[in-house]
Amino acid sequence: MSGGGSFSESARHAGAAARRWMTTAGDALASVFFPAGCRICERLLVGASRVPVCEECLGSFEARPQRKCEICGQELPSFEAAAPEGLICPACQMQTYAFARARSFGVYEGALVRAILLLKFEEVTPLGEWFAEKLAGMVRREGELLAADVVVPVPLHRERERERGYNQATVLAKPLAKRLRLPFKAVLLLRTRPRPDKQVLSLEERWASVRGAFATRPGSQVDKLRVLLVDDVMTTGATLDACARALLKSGAKSVVGLTVARAVRSPIPKVVHANSQAAR
Ligand SMILES: [Zn+2]
Ligand SMILES: [Zn+2]
């Protein structure tokens, strides 16, 4: 039972309810115009971009200019001297990879790791389009070196894609193909063997788990094509290498790997290298 203060009390309640409503309505409005803070650093997003990442984070993604291997794009220690044929890392000097070249937009560290997770687990399509624009710029700048006839995403195993609902490489590769005005071939390449369930794979396990795990779809036209193969991250190069082998086996002319990010260092285990040479 309320006493003499009932009026002011109920007014106070009404005021609180109104404020709650206002806050909720305000949030609803804000969520229309500003979907949320930056999905990486939570800074308030201003401007009309559909990309849910702030300018500061976006600006931090691109790799700083560095001496890089001309073939696989691996950063090279500054003391490594250029060979007469150019700057080529030890792995490429040993012809480790089946792809002709690989390039990445940034280094897999800091905010870029979180951006990749957004692509991988939340299918943030506008962010995929943003990266596609950057990758397209890289392809155009290198001209003939990265020239291609088709764009192909690194495939997930069918069951994995069903679980996840989409392939994160497609979120990048499809808008990239559009920007480069090239055909997008989502099903040209298949993953025939899934990744092992184990969470963390050693270097050797990584290479072993992808060797022979990809094939071109029977009846697909691959002959003499220069393929631009797209993925989110290049860690050891093993996946791009295994895909490139399957494409070349089916008659592709060449394969160029393109990823958003690249691991800082991708060492090549000696035993794998010996095997991959034997497989050539
Ligand atoms: Zn941010
Ligand atoms: Zn290299």
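Residues numbered from 1 in each chain as written. Chains lettered and ligands numbered in written order. Predicted model: local features only at pLDDT ≥ 70, side-chain atom pairs only at ≥ 80, totals over all residues.

A. Summary view of the overall build of the protein. Scanning the protein from terminus to terminus reveals 10 helices and six strands. Out of the 280 residues in the protein, the part that is buried amounts to 35%. (Helix = DSSP H or I, 4+ residues; strand = E, 2+ residues; numbered from the N terminus. Buried ≥ 20, exposed ≤ 12 C-beta atoms within 10 Å, placed from the backbone.)

B. Representation of the environment of L225 in the model. Mapped onto the fold, L225 is located in the loop between β4 (214-216) and β5 (226-234). In this structure L225 touches D149, V150, A252 and K253, once residues within four positions along its chain are discounted. (Contact = placed C-beta atoms within 7 Å.)

C. Seen up close, the packing of helix α8 (residues 203-210) against helix α9 (residues 238-249). In contact at an axis separation of 9 Å, α8 and α9 are set at 20 degrees when each is read in the N-to-C sense. As judged from the angle between their axes, α8 and α9 are roughly parallel. Relative to α9, the crossing made by α8 is right-handed. Judged by residue contacts, R206, W207 and V210 of α8 engage A238, T239 and A242 from α9. Residue classes in the contact of α8 with α9 are distributed as four nonpolar, one polar and one charged. (Axes fitted to C-alpha atoms, helices over the stretch in contact; angles between N-to-C directions. Parallel < 35°, antiparallel > 145°, perpendicular 65-115°, else oblique. Left-handed = near helix turned anticlockwise from the far one by under 90°. Nonpolar A, V, L, I, M, F, W, Y, C, P; charged D, E, K, R; others polar.)

D. How the structure looks around the environment of V124. In this fold, V124 is placed in the loop between α4 (111-122) and α5 (125-142). For V124, a count of 21 C-beta atoms within 10 Å corresponds to the buried category. On a C-alpha basis, the gap between V124 and Q168 in space is 9.3 Å, while along the polypeptide they are 44 residues apart. For V124, the residues in contact, after removing those within four places along its chain, are P52, L118 and L119.

E. View of the environment of V113. Topologically, V113 is positioned in helix α4. With 14 C-beta atoms packed within 10 Å, V113 lands in the partly exposed category. For the pair V113 and I40, spaced 73 residues apart in sequence, the C-alpha to C-alpha distance is 9.6 Å.

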